[in-house]
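# Structure at a glance
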Amino acid sequence: MSKKLFALFLVLVLALVMIPGSVAQEVTPAGEYPITTEPVTLKVLIQGHAIVEDFRTNAFTEWYMEKTGVQLEIEVTPPASGGGMNEALSLVLASGDLPDIILGFDIPLSTLSVYGSQGLFLPLNDLIDQYGFHIQEVYEGSPLVEPLIMSPDGNIYGLPQVNECYHCYYSQRLYINQQWLDNLGLEMPQTTEDFFNVLVAFKEQDANGNGDPNDEIPFAAAATGGNTNLDGFLMNPFVYSEQFNNRYLMMEDGVIAPAINTEGWREGLRYLNQMYQAGLFGEESFTQEHTQMRQLIENESAALLGALPAHNPSVFASIAGERWKEYTAVPALEGPSGLRQAAYNPYAVSSGRCVISANTAYPEIAFRFCDGFYDREATLRSVFGLPDEQWRWAEDGEIGLNGEPAIWRRLSTFGELQNVHWAQVNPSYRPNHLRLGEAQRGPEDLEVRLYSETKERMEPYARPLGDVIPPLSFTLEQATELADLELSLEDYIRQMEAEFVLGRADLDSGWDAYVSTLDTLGLARWVEIHQEAYDTQFGAE
């Protein structure tokens, strides 16, 4: 064999063994399509979605296969129920026989780390460096993303969905019936004292104007529904209380501490107790479904509920109707000490939306296939459907939700059964400027209202980003210990919150015993594990 032929042979051998199990394929340069000029079929496991008719015949599937030059052999699992891991995915992982790509399961970072370190998931770092055209655009446009998808061992085992929903950053909101305020000549409350007095007026007068001064319910909360709980928005005038990634914890200067044993938490519970004692809400607020509040608001003759915590109006009223328009967001309230803050969560990243098997024969092609989902047109097609049918590019003169020139316009309603898009199951990239670049649909557009209320009433009081705990990744040992601690701690915290607010336990004579029990249940170790995880991911090098 000549030296030239031998050298060529070595190059081919090295190309084949660079990634175990890989098959030599001609891959086009990063960002170019199709991905490969040779026929390739990838096996894909997709979590099903209630509004997608058939992923195999879906219009987006056909368009994306043609764009990438990759054929798909799709297996669809039923959606997960109860918030846990999809049962079908668990069985696949247990078998060790993985498809080339796993899509739509939002595998938590801790789980990615466990299975990645065991050799089931492909580390993507080198592929991102060599072929990550669109994910690099994501990194540049949204710098919070990269550290949030990196496992403690330094590897990236899954690609995320990035959906920067501006108003969702401030999803712990309080809504109040503006018509009731107007009927009674009241101003929008700015402090906890103002809010208390407004609720008293709602209780004592005919706030809804139907002639019956006794049918108004001033305030209610619920045990289900987006941010409808009592201890979210209304605790923040007293102590930081977030409901996002690290409930009951707070951070300052990189130091994590519990909120639920502080004087601020006690004063917040005292305020809620005063509201309850004044008859401004009932004990059902600890147990009822959010649909029960919805019934009060959608009451045929007039709304019966004056104020409630919720993520947005769709939680408590039909957006197709008119009643939701009576309600408006209350600004972050100032507490007795002068504290005025809004819970803030800019970490709009769903980890593990796309995972690649470590044993795939086509690692480069599988990665390029997933990377392409972040392209702007691919994002809009996969989330909304066909251009000029379900959405279109904006025309000159159209204005976005943020008041800037629009980028695109929605032409259909999301949520109905269809077969033209993937309903956000795949990775996609919707940064703030794209979401807020949606053309306004009129002066009563819910999205316009959400943007303006957030801008005016929440953002000015946002918790500083440096004092917001990001989503954390835990080792298997840490996750196991946390699960045991949280089971007892969270049950006790919720139990005593109800006891204190409803007056069944005394906030003065019973507080020390409550704090002591938290310590006995392992509060210090619970905090310590979070601190260890934070230091590993985000601490100073």
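Residues numbered from 1 in each chain as written. Predicted model: local features only at pLDDT ≥ 70, side-chain atom pairs only at ≥ 80, totals over all residues. Heavy atoms only, no water.

### Description of the overall build of the chain
Broken down by element type, the chain carries 18 helices and 14 strands. Relative to a compact globule of 541 residues, whose C-alpha radius of gyration would be 24 Å, the chain shows 26 Å and is just as compact. Each of the three principal axes of the chain carries a C-alpha extent, and together these read 95 × 60 × 35 Å. In the chain, of all internal contacts separated by at least 6 residues, the share reaching a separation of at least 24 is 76%. For the chain, the computed accessible surface area is about 23,400 Å², with 50% contributed by carbon and sulfur atoms. (Helix = DSSP H or I, 4+ residues; strand = E, 2+ residues; numbered from the N terminus. Rg over C-alpha atoms; globule rule 2.2 N^0.38 Å. Contact = heavy atoms within 4.5 Å. Areas by Shrake-Rupley, 256 points an atom, 1.4 Å probe, with all protein chains shown as cover.)

### Quick look at the sheet that holds strand β6 (residues 217–219)
Pairing within the open sheet is mixed, and its four strands lie in the order β6-β9-β5-β10. With partners counted over all chains shown, the strands left at the sheet margins are β6 and β10 (327–329), one partner each. When the angles between neighbouring strand axes are averaged without regard to direction, this sheet yields 25 degrees. (Pairing = 2+ DSSP bridges. Axes fitted to C-alpha atoms, helices over the stretch in contact; angles between N-to-C directions.)

### Topic: the state of the cysteines
A complete count under the given rule lists two disulfides for this structure. A sulfur-sulfur distance of 2.1 Å marks the disulfide that ties C165 to C168. A torsion of 60 degrees about the S-S bond marks the disulfide between C165 and C168 as right-handed. Residue C165 is classed as buried on the basis of its relative accessible area, which comes to 4%. Each sulfur in the disulfide pair C354 and C370 lies 2.1 Å from the other. Looking down the S-S bond of the C354 and C370 bridge, the torsion is 50 degrees, so its handedness is right-handed. Residue C354 is located in strand β11 (residues 349–356), and its partner C370 is located in helix α12 (residues 363–371); the two are separated by 16 residues in the primary sequence. Numbered by order of appearance in the sequence, the disulfide-linked cysteines of the chain pair as 1-2, 3-4. (Disulfide = S-S within 2.5 Å. Buried < 20%, exposed > 50% of the residue type's maximum accessible area, 1.4 Å probe, protein only.)

### Looking at the side chain of S142
The residue S142 is located in the loop between α6 (133–141) and α7 (145–148) in this model. Contacts of S142, omitting those with residues within four sequence positions, involve V162, E164 and Y429.

### Let's talk about the nonpolar core
Within soluble globular proteins, side chains that are nonpolar tend to cluster in buried spots. In this structure, F195, F219, L234, W265, M275 and Y514 are the most contacted members of the largest nonpolar core, which totals 94 residues. For this core, the leading source of residues is helix α16 (residues 476–501), giving eight residues. Beyond its immediate chain neighbours, meaning those up to four positions away, M275 contacts F195, F196, L199, F219, L234, L280 and F281. Y131, Y362, F373 and V425 belong to the second largest nonpolar core, which has 47 residues in total. (Core = buried A, V, L, I, M, F, W, Y, C linked by side-chain atoms within 4.5 Å.)

### A few points about helix α3 (residues 87–95)
Along an α-helix, residues three or four positions apart point the same way, because every turn accommodates 3.6 residues. By the burial criterion, the buried members of α3 are L89, V92 and L93. Looking down the long axis of α3, one finds its buried residues gathered within 95 degrees of arc, a one-sided arrangement. Opposite the packed face of α3, turned more than 90 degrees from it, sit the exposed residues E87, L91 and A94. Within two residues after α3, G96 carries a phi angle of roughly 80 degrees, on the positive side. (Arc of directions from axis to C-beta.)

### Here's the deal with the domain arrangement of the chain
As assigned here, the chain comprises domain 1 (40–167 + 348–393), domain 2 (169–330) and domain 3 (476–539). Distance from the C-alpha centre of domain 1 to the C-alpha centre of domain 3: 35 Å. Across the contact, six residues belong to domain 1 and four residues belong to domain 3. Summing both sides of the interface, domain 1 and domain 3 together bury roughly 360 Å²; the carbon and sulfur share of this comes to 78%. The largest per-residue losses of area from domain 1 upon contact with domain 3 belong to V114, P147 and P152, which jointly make up 67% of the total buried on that side. For the pair domain 1 and domain 3, the interface holds zero salt bridges. Taken together, domain 1 and domain 3 are joined by zero residue pairs in polar contact (both at pLDDT 80 or more). (Domains from an automatic or database assignment. Buried area = accessible area lost by both parts, 1.4 Å probe. Salt bridge = Lys/Arg side-chain N within 4 Å of Asp/Glu carboxyl O. Polar contact = N/O pair within 3.5 Å; in protein donor to acceptor, adjacent residues only side chain to side chain.)

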